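What the coordinates show
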Amino acid sequence: MKEPGSRTPQEVFQSHGKALVAEDLDGIVANYAPDASFITPAGVRHGHDGVREGFARLFADLPHARWDLKIQAFEGEVLFLECSADSDTNHAEHGVDTFVFRNGFSQTQTVRYTLTPTS
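Quick look at the structure, then.

What counts, and where the lines are drawn
Residues numbered from 1 in each chain as written. Predicted model: local features only at pLDDT ≥ 70, side-chain atom pairs only at ≥ 80, totals over all residues. Heavy atoms only, no water. Salt bridge = Lys/Arg side-chain N within 4 Å of Asp/Glu carboxyl O. Helix = DSSP H or I, 4+ residues; strand = E, 2+ residues; numbered from the N terminus. Pairing = 2+ DSSP bridges. Phe/Tyr/Trp six-rings, centres within 6.5 Å; stacked < 30°, edge-to-face > 60°. Lys NZ or Arg CZ within 6 Å of the ring centre and 35° of its normal.

Under the counting rule described, the total for this entry stands at five salt bridges. Note that Asp61 is salt-bridged to Arg57, the shortest N-O span being 2.9 Å. A residue pair is termed a helical-turn pair when its members lie 3 or 4 positions apart in one helix, as Asp61 and Arg57 do in helix 3 (residues 47-61) at four residues.

Pasting the structure below:
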């Protein structure tokens, strides 16, 4: 296994995806730089604590989500995603994320989605 600082953006995102599906907050946080920024319409969270808070909110909105990744476009150290997700309680659509990777970690992530109750 590679040292975290030597991973490519694709390797970081692959690790992130596995942790996301498993709802593994520690695994998710481990993929972010200590001074990372997590940006949502609700505001900016900083550092590992901010990333943990952001994903705790996502898991509360979409517990045990089934993810549908529609677009994944890498350009250097930037990743653009478009996705949707379903859970037993809610549906997320118009999901758009942007990741900026640096030195084998996620440095910045933007997150936006529209949440509707599952009927």
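Back to the text.
Across four bridges, strand 1 (residues 32-40) lies against strand 2 (residues 43-46) in antiparallel orientation. Along strand 2, the bridge assignment pairs Thr40 with Gly43.

Applying the stated criterion to the full structure yields seven aromatic pairs. A ring pair is formed by Tyr32 and Phe55, whose centres lie 6.2 Å apart and whose planes are at 55°; its orientation type is tilted. Within this pair, whereas Tyr32 is found in strand 1, its partner Phe55 is found in helix 3, the two being separated by 23 residues in sequence. Cluster of aromatic residues (ring-pair linked, three or more members): Phe13, Phe74, Phe99 and Phe101. The ring of Phe105 is capped by Arg7, whose NZ or CZ atom sits 5.7 Å from the centre of that ring.

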